[in-house]
Each structure stands twice: as C-alpha cells, then as structure tokens.
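Observations on the three-dimensional arrangement
Listed below, chain by chain, are the residues.
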Amino acid sequence: MQRINGINEVTNADPSLAPPGKHLVMSHQAVVSDDLAHEIALGLGDLKKLFPDKKYEVLLIQSYSGGWPVNRVSSGSDIGYRTPVRNLYIVGDGAKGKGGIEVEGVALGVGNVMKEMGVG
Ligand SMILES: Cc1cc2nc3c(=O)[nH]c(=O)nc-3n(C[C@H](O)[C@H](O)[C@H](O)COP(=O)(O)OP(=O)(O)OC[C@H]3O[C@@H](n4cnc5c(N)ncnc54)[C@H](O)[C@@H]3O)c2cc1C
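Residues numbered from 1 in each chain as written. Predicted model: local features only at pLDDT ≥ 70, side-chain atom pairs only at ≥ 80, totals over all residues.

When its secondary structure is counted, the protein shows two helices and two strands. Taking 2.2 N^0.38 as the reference for a compact globule, 120 residues should give roughly 14 Å; the C-alpha atoms of the protein span a radius of gyration of 19 Å, well beyond that estimate. Along the three orthogonal principal directions, the C-alpha set of the protein runs to about 60 × 40 × 20 Å. Considering only intrachain contacts with a sequence separation of at least 6, the fraction spanning at least 24 residues in the protein is 31%. (Helix = DSSP H or I, 4+ residues; strand = E, 2+ residues; numbered from the N terminus. Rg over C-alpha atoms; globule rule 2.2 N^0.38 Å. Contact = placed C-beta atoms within 7 Å.)

Laid out in structure tokens, this is it:
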C-alpha cells in the first residue's frame, strides 16, 4: 500500500452498523505530505488495489493534522478523575484511566466516576 496502514471491519463486533449482507470497514492512513488532496487520492488508490472487484462505496473521508490528535493523553498516563475539590470529578479524553482509548475510554472513565459516587 502507498498510504493505508490499518483497516478494521467494525461490523464483526456490531453487525447492525451496516445493512444485511454488507460490512462497515474503516481504513486508516498516514498523511505524509502537506498536499491533502494527493494524500486522499493515494488512499483511495490503495482501496482500489485492496478491493479490485469494486464492490464497495466510500461513505466518508475524514482527516486531521498533528495539532489535532485523536487522543490528547495515552491510556493510563492521564491525571485520573479525582480533583482536590470535594465532589468535583473529571471525565473525558484527559481522564480515561488505564485500559481504554477514544470514546470507549471516555465511557470507562465515566463508569469509574459513577462507581466512586455509588451510582450506576
Ligand atoms: C479525527 C478524529 C477521529 C476520531 N475517531 C474516533 C473514532 O472513530 N472512534 C472513537 O471512539 N473516538 C474517535 N476519536 C476520539 C474522540 O473524538 C475523543 O476521544 C472524544 O471526542 C473525547 O471526548 P471529550 O468529551 O473528552 O473531549 P472533546 O470531544 O474534545 O470535547 C471537549 C470540549 O471542550 C471544549 N473546550 C475546550 N476548552 C474549553 C474551555 N476553556 N472552555 C469551554 N469549553 C472548552 C472544546 O471546544 C470541546 O467541545 C477521534 C478523534 C479525532 C480528532
């Protein structure tokens, strides 16, 4: 591949994410140059090579730069959900706790706070 360096088929975990008989596949790629249109074209070219029978449709392309990371803090290295202020907790990407990433990590952090509060 020229650019694609990861693919995951999310319908393996949740088939309801696509109509019956179809799969939802997410493809990830590095953006190596400043020419975003060229980078996207290379990624689409990779998809053509990977799925030569053309039985797929591209639903969405999203891109982000180094100043806009997917995660601000790596799993397990954040400050945690407690604060020095009584009854004030933090949830979100900066307070995920160990073992989670992205939105699933945010949900784990919320779960930890709910346990601490004795709810849920
Ligand atoms: C390109 C990209 C793709 C992603 N793809 C996925 C994915 O496929 N699956 C997945 O699970 N996760 C994905 N993520 C990660 C996911 O978006 C984050 O983990 C999640 O949004 C974090 O939620 P949050 O509420 O902690 O922070 P955010 O969603 O960043 O919300 C923080 C909010 O606080 C506001 N804010 C900041 N400073 C202040 C201030 N001083 N005063 C008031 N408001 C302020 C911001 O404007 C923002 O609205 C992706 C992220 C990016 C960037």
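So, about the site of the ligand. In the vicinity of the ligand, the contacting residues are Gln62, Tyr64, Trp68, Val70, Gly92, Asp93, Glu102, Val103, Glu104 and Val106. Tallied by class, the residues present in the shell around the ligand amount to five nonpolar, two polar and three charged. Both domains that furnish three or more residues to the shell around the ligand are identified here as domain 1 (1-68) and domain 2 (70-120). (Near = placed C-beta within 6 Å. Nonpolar A, V, L, I, M, F, W, Y, C, P; charged D, E, K, R; others polar. Domains from an automatic or database assignment.)

A separate point is unusual backbone geometry. Backbone geometry places Asn87, a non-glycine residue, at a positive phi of 65°. Within the element layout of this structure, Asn87 appears in the loop between helix H1 (36-50) and helix H2 (102-117). Given 6 C-beta atoms within 10 Å, Asn87 falls into the exposed group. (Buried ≥ 20, exposed ≤ 12 C-beta atoms within 10 Å, placed from the backbone.)

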